[in-house]
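Fold and geometry: a report
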Amino acid sequence: MAQTIFDKIIAREISARIVYEDDDVLAFYDVAPKAPTHILVIPKKPIENLLATTEHDTVLLGKLLAASVHVARAEGLASDGFRVVINTGKNGGQSVDHLHLHILGGRQMAWPPG
Ligand code: AMP
């Protein structure tokens with residue numbers, strides 16, 4: 001898989017406002033926020049997107065969701081709620097080919113999404 005900007009953030013080759021890290025997961029603020037609070041939660045393992053996951057990634061996918069809950073609480077989003085989004089492929093609007101969960105909060109979200 002080709003290197004992405006997120007691999008460089010994992011390797012600390014470019015800076016990011018990191019809010020959570022463990023052996024498998026990294027979370028950092030999105031550089032172009034679409035909500036007052038916009039954080040990305042990524043696996044350190046380079047997986048292109050949801051479609052590239054296999055049954056071997058089941059535990060990792062759970063860790064990504066659990067880390068998202070932890071980060072949302074830590075960043076003050078629990079009381080009013082938040083949204084978790086995983087853009088996948090062209091129609092999903094994915095622009096970085098490294099699996100990532102968007103945590104969006106701090107304002108009322110619209111539904112359906114655009
Ligand atoms: P997506 O469009 O779902 O692939 O989301 C990719 C996200 O990565 C976008 O919201 C970008 O603003 C964000 N992004 C791109 N480069 C960086 C960076 N260097 N640091 C933090 N977020 C980034």
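What comes next is a walk through the structure. (Residues numbered from 1 in each chain as written. Predicted model: local features only at pLDDT ≥ 70, side-chain atom pairs only at ≥ 80, totals over all residues. Heavy atoms only, no water.)

**Some remarks on the overall build of the protein chain**
Per the secondary structure count, the protein chain includes 3 helices and 5 strands. Listing the helices and strands of the protein chain from first to last along the sequence gives α-β-β-β-α-β-α-β. The globule rule puts the C-alpha radius of gyration for 114 residues at 13 Å, and the 14 Å found for the protein chain is close to it. For the protein chain, the spread of C-alpha atoms along the three principal axes comes to 35 × 30 × 25 Å. Counting over 114 residues, the protein chain shows a buried share of 37%. Considering only contacts in the protein chain between residues 6 or more positions apart, those separated by 24 or more positions represent 56%. (Helix = DSSP H or I, 4+ residues; strand = E, 2+ residues; numbered from the N terminus. Rg over C-alpha atoms; globule rule 2.2 N^0.38 Å. Buried < 20%, exposed > 50% of the residue type's maximum accessible area, 1.4 Å probe, protein only. Contact = heavy atoms within 4.5 Å.)

**Focus on the nonpolar core**
Membership of the largest hydrophobic core comes to 16 residues, with the highest contact counts inside it found for Val41 and Ile103. If you list the elements that add at least two residues to this core, you get strand S2 (25–29), strand S3 (37–43), helix H2 (58–74) and strand S5 (101–105). Residues within four places of isoleucine 103 in sequence aside, it is in contact with Thr37, His38, Ile39, Val41, Ser68, Val71, Ala72, Leu77, Phe82 and Arg83. Grouped together as the second largest cluster of nonpolar side chains are 8 residues, Phe6, Ile9, Leu40 and Val96 included. (Core = buried A, V, L, I, M, F, W, Y, C linked by side-chain atoms within 4.5 Å.)

**Let's talk about the site of the ligand**
Close contacts around the ligand come from 19 residues, with Asp30, Asn87, Ser95, His100 and His102 the closest. One of the backbone nitrogen or oxygen atoms of glycine 93 is found 3.2 Å away from an oxygen atom of the ligand. With respect to the ligand, the side chain of histidine 102 contributes an N or O atom lying 2.8 Å from an oxygen atom. Out of a free accessible area of 500 Å², the ligand has 86% covered by protein chains. Broken down by secondary-structure element, the contributors of at least two residues to the shell around the ligand are helix H1 (5–10), S2 and S3. When residues of the shell around the ligand are assigned to their parent elements, the largest contribution, 3 residues, is made by H1. Its residues assigned to classes, the shell around the ligand shows 10 nonpolar, 7 polar and 2 charged. (Near = heavy atom within 4 Å. Polar contact = N/O pair within 3.5 Å; in protein donor to acceptor, adjacent residues only side chain to side chain. Areas by Shrake-Rupley, 256 points an atom, 1.4 Å probe, with all protein chains shown as cover. Nonpolar A, V, L, I, M, F, W, Y, C, P; charged D, E, K, R; others polar.)

**Side note on the environment of threonine 88**
Position of threonine 88 relative to the elements: it lies in the loop between strand S4 (82–85) and helix H3 (89–92). Here threonine 88 falls in the partly exposed class, since its relative accessible area comes to 22%. For threonine 88, the side chain forms a polar contact with the main-chain oxygen of isoleucine 86, separated by 3.4 Å.

**What to know about the pattern of salt bridges**
By the definition in use, this model includes 5 salt bridges. One salt bridge in this structure joins glutamate 21 and arginine 12, with 2.6 Å as the shortest N-O distance. Look at glutamate 21 and you get partly exposed, because its relative accessible area is 38%. Here glutamate 21 and lysine 44 are joined by a salt bridge, their closest N and O atoms 2.7 Å apart. Highlighted residues: glutamate 21 in strand S1 (residues 18–21) and lysine 44 in the loop between S3 and H2, separated in sequence by 23 residues. Residue lysine 44 is classed as partly exposed on the basis of its relative accessible area of 24%. Where salt bridges share partners, they join Arg12, Glu21 and Lys44 into one cluster. (Salt bridge = Lys/Arg side-chain N within 4 Å of Asp/Glu carboxyl O.)

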